[in-house]
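These are the residues of each chain, in order.
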Amino acid sequence: MLISGSSSNDRDAASAALARVDALHTGLTQIVLEGGNLDGIAAEVARVLDVGVLFTSSDGRVRAQAIREDLQALLEEHHLVDPTGRIRVERVGNDGVPMGPGEVLGLRVAAGGTDLARLVCVRSTEKISSDDVHALERAAAVAALLLTREEAVTAVENKYQGDFLRDLFLRRAGDEQYVAEHADTFGWDLRRPVVVVAAEIDPPTGEDAAASRVQRRQWQERFSAAWRQVSRNLDTGIPTVDFSSEVVTLLPLAEGDDDPVPGHDVVRRAVTAVSGDKGGGRRPFSVGVSRVAHSLDELPDAYGQARRAVDVGRRVNGPASTTFFDQLGLHRLIALVPDHAELKSFTKDVLGPLSEQTTEAADLRETLQVLLDTNFNVAEAARLQFFHYNTMRYRVSKLERLLGPLSTDQHLRLDVAVALRVLEITG
């Protein structure tokens, strides 16, 4: 009788679990058919399974959630949330992570072999059962349908918005009133001072250099989605579009902005939010920032400034840099010269053999830069390069044989200093 009773209880539990899964699936399907979103799916799963639910991007950026404060605190206590709010999905797999008597579990939301999102489930009182996992898998499948639909709509919208913004930058979008009214249909506010931000994923290195075109496109789509989400969180009226190889955002200046470099604070907040802790497969990226554009007519020039800033900034400061156009100094003037052949000719004429891409030339250029930085103080330059004084004197003599009387001719030193900066930019 005891065995029979136990079997009966097991059958009842299994039937209840199956009914719950079916009820959840029916409820979720109805949400999608009625035009619901991820928030509705998260809320329904949380209600039926009595868990906390978060939908995130594949790199952990929260897109929708239905989670109590105590469960959110539990995630933070176990270091599963970074300072910007990103869920560290790389630490949360489908095997589950114990959290006291409870557990956190992560499932892929995928369609057609493509990662669309992550479903993260949290329970504090007990482990997540296999029946719960089955229900969550149903929820992930429904969410995949919704996300596939949303991504198709977003792709069309981004194409249309991108074409419009590109026309604006090329001064062929129409008169100012038409542009402002058309921007309003996108929910954009272009009637305020902004800085144009151009953001590019840095070129992959090492094993990533062999990434396929499909993989690179996925990186770009995720990067673009991150900028759109961060922009919406800052201000719903911020335009953000994907230009295939770059993301362009028009960030408004805060009222009373008194930063030494206008827009510095809002740009820093946006870049920090997009970067997160760089986990979850996020790619390093570089950013260029324009001067303030006070009107629609100034936007084309501002976009050009942002493009130059990101190009020059990456060359001068390396990858993962944020460069403001007004901070480029001499590099700004050099970047304005459109004829790169003329720039290369200038460096060759001034630097001679030191313009060559050899180890010896690079070594001498480093010494030359130190001498220029110390106003040709040979003793100080020797100390900075850890050379004996006589060794540095020999190097000075060699440099003057190659370039001319550097130690006495200030005009020559200026030409050489500029040529070194040109070489730094043009490579």
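Residues numbered from 1 in each chain as written. Predicted model: local features only at pLDDT ≥ 70, side-chain atom pairs only at ≥ 80, totals over all residues. Heavy atoms only, no water.

**Student:** Sorry if this is basic, but what is going on with the nonpolar core here?
**Tutor:** Side chains of a nonpolar character, in soluble globular proteins, are inclined to be buried together. With 33 residues, the main nonpolar core has Ile41, Val45, Phe55, Val109, Leu119 and Leu136 as its most contacted residues. Looking at this core, the elements with two or more residues in it are helix H1 (2-33), helix H2 (38-49), strand S1 (52-56), strand S2 (62-66), strand S4 (102-111), strand S5 (114-123) and helix H4 (130-169). The element best represented in this core is H4, accounting for 9 residues. Beyond its immediate stretch of four places on either side in the chain, Ile41 contacts Leu28, Ile31, Val32, Phe55, Val142, Ala143 and Leu146. (Core = buried A, V, L, I, M, F, W, Y, C linked by side-chain atoms within 4.5 Å. Buried < 20%, exposed > 50% of the residue type's maximum accessible area, 1.4 Å probe, protein only. Helix = DSSP H or I, 4+ residues; strand = E, 2+ residues; numbered from the N terminus. Contact = heavy atoms within 4.5 Å.)

**Student:** For this particular structure, what's the right way to read the confidence of the model for the protein chain?
**Tutor:** Predicted coordinates in areas of low pLDDT are best not read in detail. Scored by pLDDT, the protein chain comes out at a mean of 87, with 94% of its residues at no less than 70. Between the elements of the protein chain, mean pLDDT differs from a low of 67, seen in H1, to a high of 96, seen in strand S8 (residues 247-252). (pLDDT = per-residue confidence, 0-100.)

**Student:** Is there a simple way to explain the sheet that holds S8 in this structure?
**Tutor:** The strands making up a sheet associate through backbone hydrogen bonding, with each pair oriented either parallel or antiparallel. Ordered in space as S7-S8-S6-S9-S10, the 5 strands form an open sheet in which the pairing is mixed. Each edge of the open sheet is held by one strand with a lone partner, namely strand S7 (240-242) and strand S10 (322-324). Ignoring strand direction, the axes of neighbouring strands in this sheet form an average angle of 20°. With 3 bridges connecting them, strand S9 (residues 285-293) and S10 associate as parallel partners. Bridge pairing in S10 links Val287 to Thr322. Taken strand by strand, helix H7 (residues 264-275) contacts strand S6 (194-201), S8, S9 and S10, and its axis lies near 155° from that of S9. Strands S6, S8, S9 and S10 of the sheet are contacted by helix H8 (residues 299-317), whose axis makes an angle of about 145° with S9. (Pairing = 2+ DSSP bridges. Axes fitted to C-alpha atoms, helices over the stretch in contact; angles between N-to-C directions.)

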